[in-house]
Protein chains: 2
Amino acid sequence: MTSDPAIGQAFLDRVRERLPGLRLLVDPLEREAHRRDETAYLVPGLPLAVALPSTTAEVAELVRLAAEHRVPVVARGAGTGLSGGAAGIEGGLTIAFTRMNRILEIDRENLVAVVQPGIVNAILKAAVAEYGLFYPPDPASYEQCTIGGNLGTNAGGLCCVKYGQTRDSVLGLEVVLADGTVLRTGGRNIKDVAGYALTQLFVGSQGTLGLITEATLRLRPAPPPRSTLLAFFGTLEAAGAAVSGMTAAGLGPVTLELMDRVTIAAVDDWHHLGLDREAAAMLMVESDLPGAGATDELDGAQAACQTAGATLVVRAADAAEADWLRQGRRMAYHALERLGVARMEDVGVPRSRIPEVLRAIEAIGERYGVTIGTFGHAGDGNLHPTFVFERDDPTAEATTEAARGDLYRAAIALGGTVTAEHGVGVVRRDYLIEQVGPDAVRVMRAIKAALDPLGILNPGRVLPPA
Amino acid sequence: MTSDPAIGQAFLDRVRERLPGLRLLVDPLEREAHRRDETAYLVPGLPLAVALPSTTAEVAELVRLAAEHRVPVVARGAGTGLSGGAAGIEGGLTIAFTRMNRILEIDRENLVAVVQPGIVNAILKAAVAEYGLFYPPDPASYEQCTIGGNLGTNAGGLCCVKYGQTRDSVLGLEVVLADGTVLRTGGRNIKDVAGYALTQLFVGSQGTLGLITEATLRLRPAPPPRSTLLAFFGTLEAAGAAVSGMTAAGLGPVTLELMDRVTIAAVDDWHHLGLDREAAAMLMVESDLPGAGATDELDGAQAACQTAGATLVVRAADAAEADWLRQGRRMAYHALERLGVARMEDVGVPRSRIPEVLRAIEAIGERYGVTIGTFGHAGDGNLHPTFVFERDDPTAEATTEAARGDLYRAAIALGGTVTAEHGVGVVRRDYLIEQVGPDAVRVMRAIKAALDPLGILNPGRVLPPA
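Residues numbered from 1 in each chain as written. Chains lettered and ligands numbered in written order. Predicted model: local features only at pLDDT ≥ 70, side-chain atom pairs only at ≥ 80, totals over all residues. Heavy atoms only, no water.

Asker: Provide a residue-level description of the sheet that holds strand β2 (residues 49–52) of chain A, including the pertinent values.
Answerer: Residue and element names in this part refer to chain A. If you walk across this open sheet you meet the four strands as β1-β2-β4-β3, and the pairing is mixed. Where the open sheet ends on each side, the last strands, each with one partner, are β1 (23–25) and β3 (73–76). Taking each pair of neighbouring strands and ignoring which way they run, the sheet shows an average axis angle of 25 degrees. By the bridge criterion, three bridges tie β2 to strand β4 (residues 93–96) in an arrangement that is parallel. In the sheet register, Val50 faces β4, and the bridge partner there is Thr94. Relative to β4, helix α3 (residues 56–69) is tilted by about 170 degrees, and along the sheet it contacts β2, β3 and β4. (Pairing = 2+ DSSP bridges. Helix = DSSP H or I, 4+ residues; strand = E, 2+ residues; numbered from the N terminus. Axes fitted to C-alpha atoms, helices over the stretch in contact; angles between N-to-C directions. Contact = heavy atoms within 4.5 Å.)

Asker: Can you break down the pairing of strand β9 (residues 182–186) of chain A residue by residue, with the values?
Answerer: Residues and elements named next belong to chain A. Pairing of strand β8 (residues 170–176) with β9, which is carried by five bridges, proceeds in the antiparallel orientation. Counterpart to Gly172 in the pairing with β9 is Gly186. In textbook terms, the turn of a hairpin is the stretch between consecutive antiparallel strands, and for β8 and β9 this stretch comprises five residues, one of which, Gly180, has a positive phi near 90 degrees.

Asker: How would you sum up the sheet that holds strand β13 (residues 255–260) of chain A? Please name residues and give values.
Answerer: Residue and element names in this part refer to chain A. Spatial ordering of the open sheet is given by β15-β12-β14-β13-β17-β18-β16, a layout of seven strands whose pairing is antiparallel. In this open sheet, the two strands that pair with only one neighbour each are β15 (312–315) and β16 (341–344). Averaged over neighbouring strand pairs, the angle between their axes works out to 15 degrees when direction is ignored. Sheet analysis places β16 next to strand β18 (residues 382–389), joined by four bridges and oriented antiparallel. Its bridge partner being in β18, Val341 is matched across the sheet by Phe389. Those strands touched by helix α9 (residues 261–271) are β13, β14 (281–287) and β17 (371–377), and its axis lies near 95 degrees from that of β13.

Asker: Which residues make up the pairing of β4(A), and what values go with them?
Answerer: All names here are of chain A. Of the two faces of β4, the one carrying Leu93 and Ile95 and the one carrying Thr94 and Ala96 are both buried. Sheet topology places β3 next to β4; four bridges connect them, and they run parallel. If you follow Arg76 over to β4, its bridge partner there is Ala96. (Buried < 20%, exposed > 50% of the residue type's maximum accessible area, 1.4 Å probe, protein only.)

Asker: Summarise the packing of aromatic side chains; cite the residues concerned and give the values.
Answerer: Applying the stated criterion across every chain yields a total of six aromatic pairs over all chains. Seen from their ring centres, Tyr408(A) and Tyr431(A) are 4.7 Å apart, and the 75 degrees between their planes marks the pair as edge-to-face. With Tyr408(A) in helix α14 (residues 396–413) and Tyr431(A) in helix α15 (residues 429–451), this pair connects stretches of sequence that are 23 residues apart. In this structure Tyr431(A) comes out as buried when scored by relative accessible area, which is 14%. Note on Tyr41(B) and Phe389(B): the rings are 5.9 Å apart at their centroids and 80 degrees apart in plane angle, and the pair reads as edge-to-face. (Phe/Tyr/Trp six-rings, centres within 6.5 Å; stacked < 30°, edge-to-face > 60°.)

Asker: Residue-level account of the domain arrangement of chain A, with values.
Answerer: All names here are of chain A. Entries for chain A in the domain assignment read domain 1 (5–96), domain 2 (103–221), domain 3 (224–333) and domain 4 (340–453). In total, about 920 Å² of surface goes out of reach between domain 1 and domain 4, with carbon and sulfur atoms giving 65% of it. Sorting the residues of domain 1 by area buried against domain 4 places Tyr41, Leu82 and Ser83 first, and these three jointly supply 71% of that buried surface. Taken together, the links from domain 1 to domain 4 amount to zero salt bridges. Put simply, domain 1 and domain 4 have four residue pairs in polar contact (both at pLDDT 80 or more) between them. The class makeup of the residues in the side of domain 1 that touches domain 4 is four nonpolar, four polar and no charged. (Domains from an automatic or database assignment. Buried area = accessible area lost by both parts, 1.4 Å probe. Salt bridge = Lys/Arg side-chain N within 4 Å of Asp/Glu carboxyl O. Polar contact = N/O pair within 3.5 Å; in protein donor to acceptor, adjacent residues only side chain to side chain. Nonpolar A, V, L, I, M, F, W, Y, C, P; charged D, E, K, R; others polar.)

Asker: Could you give me a rundown of the packing of helix α13 (residues 354–368) of chain B against helix α14 (residues 396–413) of chain B, with the residues and numbers involved?
Answerer: Residue and element names in this part refer to chain B. Between α13 and α14, whose axes approach to 10 Å, the crossing angle comes to 155 degrees. Comparing the axis directions of α13 and α14 gives the class roughly antiparallel. As α13 runs across α14, the sense of the crossing is right-handed. Contact residues: Ala360, Ile361, Ile364, Arg367 and Tyr368 in α13; Thr399, Ala402, Ala403, Asp406, Leu407 and Ala410 in α14. (Parallel < 35°, antiparallel > 145°, perpendicular 65-115°, else oblique. Left-handed = near helix turned anticlockwise from the far one by under 90°.)

Asker: Please set out the relation of the copies chain A and chain B residue by residue, giving values where relevant.
Answerer: Once chain A is rotated about the relating axis by 180 degrees and shifted along it by 0.0 Å, it coincides with chain B to within an RMSD of 0.0 Å. Classification of the inter-copy transformation places it as that of a two-fold axis. (Least-squares fit on C-alpha atoms with pLDDT ≥ 70 in both.)

Asker: Please provide a residue-by-residue account of the interface of chain A and chain B, values included.
Answerer: One frequently used descriptor of interface size is the decrease in accessible area upon assembly of the parts. In this assembly, 70 residues from chain A lie in contact with 71 residues from chain B. Summing both partners gives a buried area of about 5,600 Å² for chain A against chain B, and 60% of it is carried by carbon and sulfur. Three residues, Lys191(A), Val193(A) and Tyr196(A), lead the burial of chain A against chain B; their summed loss comes to 18% of the area buried on that side. At the junction of chain A with chain B, the criterion picks out six salt bridges. Measuring nitrogen to oxygen at the nearest pair gives 3.8 Å for the salt bridge that ties Arg442(A) to Asp179(B). Where chain A packs against chain B, one counts 22 residue pairs in polar contact (both at pLDDT 80 or more).

Asker: Run through α13(B), naming residues and quoting values.
Answerer: Residue and element names in this part refer to chain B. Between the first and last C-alpha of α13 there are 21 Å, a value that for 15 residues agrees with the 21 Å anticipated at 1.5 Å per step. Looking at α13, one finds that the buried residues are Ile354, Pro355, Val357, Leu358, Ala360, Ile361, Ile364 and Gly365. Turning to α13, the residues buried within the fold contact α8 (236–248), β13 (255–260), β18 (371–377), β19 (382–389) and α14. Phi turns positive one or two residues past the end of α13, at Gly369, with a value near 60 degrees. (Expected span 1.5 Å × (residues − 1).)

Asker: Break down unusual backbone geometry for me, with residues and values.
Answerer: All names here are of chain B. Positive phi values are uncommon outside glycine, yet Gln206 reaches one of about 50 degrees. With respect to the secondary-structure elements, Gln206 resides in the loop between α7 (198–202) and β10 (211–218). You can call Gln206 buried: its relative accessible area is 9%. Positive phi outside glycine occurs at Val462, with the angle close to 70 degrees. Relative accessible area serves as the criterion here: at 1%, Val462 is assigned to the buried category.

Asker: Give a description of the confidence of the model for chain A that names residues and reports values.
Answerer: Per-residue confidence for chain A averages 95 on the pLDDT scale, and 99% of its residues sit at or above 70. The ipTM value of the predicted complex is 0.97, and its pTM value is 0.97. (pLDDT = per-residue confidence, 0-100.)

Asker: Could you give an account of the environment of Thr311(B), naming the residues involved and the relevant values?
Answerer: Residue and element names in this part refer to chain B. For Thr311, the location among the structural elements is in the loop between α10 (293–307) and β15 (312–315). Residues Thr311 and His334, spaced 23 residues apart in sequence, show a C-alpha to C-alpha distance of 27 Å. The contacts of Thr311, once residues within four sequence positions are left out, are Phe232, Phe233, Gly234 and Asp276.

Asker: Summarise the state of the cysteines; cite the residues concerned and give the values.
Answerer: Within this structure, the stated rule accounts for zero disulfides over all chains. Free cysteine Cys145(B): the closest other cysteine sulfur is in Cys159(B), separated by 12 Å. (Disulfide = S-S within 2.5 Å.)

Asker: Give a detailed account of the side chain of Thr419(B), specifying residues and quantitative values.
Answerer: For Thr419(B), the position within the fold is in the loop between α14 and α15 (429–451). Note on Thr419(B): relative accessible area 0%, which makes it buried. At 2.8 Å, the side chain of Thr419(B) and the backbone nitrogen of Gly423(B) are in polar contact. Contact partners of Thr419(B), with chain neighbours within four places excluded, come to Asp192(A), Val193(A), Ala194(A), Asp346(B), Val424(B) and Arg428(B).

Asker: Requested: an account of the pattern of salt bridges, with residues and values cited.
Answerer: Residue and element names in this part refer to chain A. This model, assessed by the stated rule, comprises 64 salt bridges over all chains. Arg428 is the salt-bridge partner of Glu345, the closest N and O atoms lying 2.6 Å from each other. Placement of the pair is Glu345 in the loop between β16 and α13 (354–368) and Arg428 in the loop between α14 and α15, with a sequence separation of 83 residues. When sorted by exposure, Glu345 lands in the same class as Arg428, which is buried. Asp452 serves as the salt-bridge partner of Lys448, at 2.8 Å between the closest nitrogen and oxygen. Lys448 sits in the buried class, given a relative accessible area of 14%. Connected via shared salt-bridge partners are Arg226, Glu286, Asp323 and Arg326.

Quick look at the structure:
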């Protein structure tokens, strides 16, 4: 792989010749706008050019030409990623799916939507809601992020504790392979065991095995509006105990979110929700069961919180208040960003280890003298410890590097993961082997080499350079 | 790959030398007992030997030696498969996991069980039930089949319409690779996007990519006992319309099963359940919602059935009657086997196409003059048309071959699959390309070659010979 300007120029000439109608950005400012994602302190490469295809055929031709010229290809959605997976590669072609943003079909009978990758998650949600349907995956950035990016990272979100991650909602894909072949996997069958799990494999591979150009997504009947409970605790351990108590009681809430003291204050300063700022932690629990089920479920959650020593439990008065509280939680990261530069992490642990990982995060904050706001999806063991630095802190980048290493090692030591929903991308690739071991990395490399023998698809992402 | 007796003998000598404590069956009668699975009219090869390892280390050594001698390796559970995936290969080594049948841990806090592959599904279910927990996947053969076989085929069953197939309940695996390396994937994290979806890839690969020697399975809190409804219909179309009506009404029952007239009669002859034998079709609908939810859900199902023109709707009086009815459904295949030789198929279609595939099945029965009993998981579009022949019918095998080809083509034409939960194995491998296309087969072959370059793992299964 090279960033030789002559090769780049020859490639672009050929692209213009073969695809005269393609929107191709080569202006330095426009390329600069596609350099980064939202990962603080990551400075990725500047793309050679940014292509905005409007058809799968254009994507296939772009990949064929990139293969011919050995130009790296990066797939990009809205650029809201937090792993550098869709960030620029110096001398590479970024394919931004902004213009391939249509809903091709909503199949009410089969509870399926067929979409292009550039569709924004919230727009899809709203469109299917008009049919009384529901597309569950909901990253906090759902009003900006695209389904293509969600597929690339196997994104999660607030309700995946009940409805699973993006992979659980995918029935089929159209994928442009490394040689430009257009592959279709799966379809509209709920169950299908004909051959290997290609659909599952492409989801979460961050554009390193193929470029997803269409997806057949599974929908559900829209559940009733949610009922919402907030519980505040004097210690993080007590909040952790409440989560365990709910698991033990067999509850399956649609949301089970945690915020620590730093996050509560940041969210409340911005949104004035009237949260208890003295609390060490807050849990948000939601139910979308029909009828009396929701009240029963929240009664059970309240009992678990009180048994664990909650200092205050409140329920949202109505759907509007619940929406407002949920929006507050969704904006936790941006609330922390108002305090300075915020670098969000994404560790996961087996659910029983949440108190331990919370203690480890506190210790890391003390060790490095850094403010950490922690929030996340307590119900499935996924937390987002977020390092917050003053904007002009010259030590911030080095501190982040050291502190996140400690964080990853702490998660791995607890049987956890360095990334539960954001992806390895480029920023966590050097920790992949520590988590999964050399044999798993070897198998992943073998699969990568089998599907992308020239190594042109998002090289250096997910897998560390050999 | 060869079945040269000298190579086989050298291999066995080496196995005995390296693994003197291994239970190794070489007696022709014992080998014969491991030739077939339950696929009628399939005559697979006779294994060279059958190994019954008790540790992962023994499995790894067996695979290493098999690789050295280029001896094919077949992984086998209880032999209840319906695709020939675990049937013998002439001159190959069958590794039967009968003795690796322990539950290694039930982790109540994390809702996880760690098991060896030889554990019988029903034994695992019973063991976790003592902790108030539930392992959902439930093939009709759950009292015989093993978790290892379930993992190999990504098995489904009666409640996967609500809780998913086996893959949806797997968090991590231990796998012996083609070179004898012992790989671990995943763990106890509900969410984990570190690297490619290896766990998902191994599940459903029928021992062609690796041999699963341990699995970390996801459990759920045990739901309440089920409430059960039976509805009878004058036509198959009416039953199909009732299924669509339930989907449209947003119902999510835990069971939504269909039986046609032939199956109703066969089950009733055997079990004397008092079913309506005049009906063209019966639906069994179950709810495991808590509290009043179950009654509400079955009320909704009943309304959908009546709107679709059900001739009779009855509800089980109590849990014992419900169990009895469910057991009747589970035994549908064996009830048909009492009529003669039964060859069960496993097509799936998008849910809206159920009436069409039912019509196609009827037409195939008429075309070939063969009795077909159809039953299956209507809620997710998966039907088991079962050809029934008299035991001494000399044309049966040829008729099966022709009729099932028509069946597969009908399913594919409806956007369906030739196998929804039983696996491609050997019997459906020549139809894989018709369903998924040459590009998908090429990608699957590339993955197979990457993980098993010598082609010793269950060769000729899933993928047709190149």
